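Chain by chain, the residues:
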Amino acid sequence: MDHILNEVTNTVHKRTPGASAVETPCGVTYNVADEHLRRVSSDSLVTTATKCGRCFDDGGGY
Ligand SMILES: [Zn+2]
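These numbers come from a predicted model, not from an experiment. (Residues numbered from 1 in each chain as written. Predicted model: local features only at pLDDT ≥ 70, side-chain atom pairs only at ≥ 80, totals over all residues. Heavy atoms only, no water.)

(A) Representation of the overall build of the chain in the model. Within the chain one finds zero helices and four strands. Starting at the N terminus, the α and β elements of the chain follow one another as β-β-β-β. Per-residue burial for the chain yields a buried fraction of 35% across its 62 residues. For the chain, the proportion of contacts with a sequence separation of at least 24, taken over those separated by at least 6, is 54%. (Helix = DSSP H or I, 4+ residues; strand = E, 2+ residues; numbered from the N terminus. Buried < 20%, exposed > 50% of the residue type's maximum accessible area, 1.4 Å probe, protein only. Contact = heavy atoms within 4.5 Å.)

(B) Region of the structure containing the pattern of salt bridges. Inspection of the entire model under this criterion finds three salt bridges. Here R39 makes a salt bridge to D2, at a shortest N to O gap of 3.3 Å. Highlighted residues: R39 in strand β3 (residues 37-41) and D2 in strand β1 (residues 2-6), separated in sequence by 37 residues. Classification of R39 as partly exposed rests on a relative accessible area of 49%. Its relative accessible area of 29% is what places D2 among the partly exposed residues. Connected through shared salt-bridge partners, D2, R15 and R39 make up one network. (Salt bridge = Lys/Arg side-chain N within 4 Å of Asp/Glu carboxyl O.)

Okay, here's the thing in structure tokens:
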């Protein structure tokens, strides 16, 4: 599954399935510039990153 990493806050978001552009269920992509958002696969996920509390049930921050 694809994830979106917000490099500014070091927070990982889910990527909305089927969306043509970079989009997350919590809508963070509307507030953050594309250059700060990186598409990552769950395999290469940075373990120090925080999970988004709105995209993940077990997440904490935004
Ligand atoms: Zn999110």
